[in-house]
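Listed below are the residues making up each chain.
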Amino acid sequence: MRGGRLVNVVSAEVYEADVAVYGNTVVTLGDVSAHSGPDTGIVDAEGRHLVPGLFDGHQHIECSKLSITSAAKMLVPLGTTNVVSGLDQILVVAGLAGAEAFLRESQATPLRVLWGAPCKTPYTLPTSTVGHYFGPDDHRAAHSWPECVGVWETVREFVTTGDPDELAAMEIARQNRLPVLGCAPMATGADLTS
């Protein structure tokens with residue numbers, strides 16, 4: 001790509017730069033002449049901004065009511081190439097089989113979907129009636145999935161009250177060296193220690 005303005009999301013700069021790409025990999029930025037040959041395709045990016053694919057680290061994608069194929073058709077052209085989702089609503093209806101089907105469908109799209117295994121579902125007190133209760137046994141089964149990037153939506157009320165399912169999910173994540181991704185809106189220091 002020649003003549004574009006690169007949006008550098010690391011340095012927060014925007015500057016003129018050519019970009020050489022091979023397959024799905026950016027090879028070099030700036031002087032790309034060493035990576036050009038007679039069969040190189042050239043994209044004229046004059047007057048355009050070159051932006052890396054955007055990564056949405058917390059999206060309840062299933063709540064869009066779209067299939068993942070349809071969601072990808074909407075998100076990717078607007079720049080989002082990766083999302084992390086808990087697939088909570090799929091899990092409470094169809095369990096691990098539903099989440100696995102959703103993730104398999106996503107592999108046929110240009111959108112990379114990563115999965116944060118919910119601490120437990122449902123997240124309600126008292127517990128709601130749902131088709132599937134996602135708990136410790138599900139964590140033991142799913143933490144080895146390649147899409148699983150950690151435990152999602154650890155609810156502070158469950159942590160502070162010592163909810164056994166949430167604490168078990170966090171321990172299973174620790175054993176599997178996966179991060180615990182919190183969800184504690186409006187929490188303050190005093191709230192976290194009581």
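Cut-off values and rules
- Residues numbered from 1 in each chain as written.
- Predicted model: local features only at pLDDT ≥ 70, side-chain atom pairs only at ≥ 80, totals over all residues.
- Heavy atoms only, no water.
- Helix = DSSP H or I, 4+ residues; strand = E, 2+ residues; numbered from the N terminus.
- Buried < 20%, exposed > 50% of the residue type's maximum accessible area, 1.4 Å probe, protein only.

This part is about unusual backbone geometry. A cis amide bond links T121 to the next residue, P122, at an omega of 0°. Residue position: P122 is located in the loop between strand 8 (112-118) and helix 3 (136-142). A positive phi angle, near 60°, is found at A12, a position not held by glycine. Looking at where A12 falls in the secondary structure, it is placed in the loop between strand 1 (5-8) and strand 2 (13-16). The exposure class assigned to A12 is exposed, which follows from its relative accessible area of 72%. We note that L87 has phi near 55°; this positive angle belongs to a residue other than glycine.

Before going further, it helps to spend a moment on the environment of N82. Topologically, N82 is positioned in strand 7 (residues 80-85). Assessed through its relative accessible area of 13%, N82 is described here as buried. Residues N82 and D56, 26 residues apart in the sequence, show an inter-C-alpha distance of 6.2 Å.

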